[in-house]
Amino acid sequence: MKRSTLFLILAIALFIILRGYIPDKGEGGFTAHERALIHGADSTMRVLTIEDSLDLAVLRAPSTYLSPRTIRSNDFMNLCRLMLQTVTHPSQDGVGLAAPQIGILRRVVVIDVGDGPVEMINPTITARSGEECSAEGCLSLPGVRRDVKRPTKVTVTAYDRNGDLLGDYAYD
């Protein structure tokens, strides 16, 4: 088989697979694929890794904002619960999880550094200051820890699970 034919088949297959990840344009609700992921999990969800080429394509895809209607849905409440259970599960060595890491291309982050869980919906970094370098890991890069330069303080504006604006939330 010619290389160009193989590439075309791969591109078409990837399009068909990723088509389910494209959010509804109508009312901003979850796609059928996203609902299947959310309702197909009992207590934790599979974390996508860079080791799998299809996972990597999803991890690199842009995420979309959640509409107020979606934030108030049962699907969304289920998603937040599952994300927290996934990141805090003893089999995971992490403190945070973004929805794309479980195959949901939406702007949702859950963090639990031991002070209780924080959920941020549609987060936007509004300010950064300082710089530090420390070893970090990522659930989507299993077994890998590297020194990463990060700001010492980050200010984020986000919404909570009720759709209320959290305002500026500072992390040092």
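Here's a quick rundown of the structure.

1. Some details on the packing of helix H2 (residues 32-39) against helix H5 (residues 74-87)
1) Next: One way to put it is that H2 packs onto H5 with a least axis distance of 9 Å and a crossing angle of 50°. One finds that H2 runs oblique with respect to H5. When you trace H2 past H5, the crossing you get is left-handed. Along its contact with H2, which presents Arg 35, Ile 38 and His 39, the element H5 presents Asp 75, Asn 78, Leu 79 and Leu 82.
2) Next: Of the residues in the contact of H2 with H5, the class split is three nonpolar, two polar and two charged.

2. With respect to the nonpolar core
1) Next: With 22 residues, the main nonpolar core has Phe 76, Leu 79, Met 83 and Leu 97 as its most contacted residues.
2) Next: Tallying contributions element by element places H5 first for this core, with seven residues.
3) Next: Not counting the four nearest positions on each side in its chain, Phe 76 is found in contact with Phe 30, Leu 66, Thr 70, Ile 71, Val 108, Ile 121 and Arg 161.
4) Next: Listed in part, the six residues of the second largest apolar core include Val 118, Val 154, Val 156 and Ala 158.

3. With respect to the packing of aromatic side chains
1) Next: With the rule as written, the count across this model stands at zero aromatic pairs.
2) Next: Taking the ring centre of Tyr 65 as reference, the NZ or CZ of Arg 107 above it sits at 4.4 Å.

Procedures and definitions
- Residues numbered from 1 in each chain as written.
- Predicted model: local features only at pLDDT ≥ 70, side-chain atom pairs only at ≥ 80, totals over all residues.
- Heavy atoms only, no water.
- Axes fitted to C-alpha atoms, helices over the stretch in contact; angles between N-to-C directions.
- Helix = DSSP H or I, 4+ residues; strand = E, 2+ residues; numbered from the N terminus.
- Parallel < 35°, antiparallel > 145°, perpendicular 65-115°, else oblique.
- Left-handed = near helix turned anticlockwise from the far one by under 90°.
- Contact = heavy atoms within 4.5 Å.
- Nonpolar A, V, L, I, M, F, W, Y, C, P; charged D, E, K, R; others polar.
- Core = buried A, V, L, I, M, F, W, Y, C linked by side-chain atoms within 4.5 Å.
- Buried < 20%, exposed > 50% of the residue type's maximum accessible area, 1.4 Å probe, protein only.
- Phe/Tyr/Trp six-rings, centres within 6.5 Å; stacked < 30°, edge-to-face > 60°.
- Lys NZ or Arg CZ within 6 Å of the ring centre and 35° of its normal.

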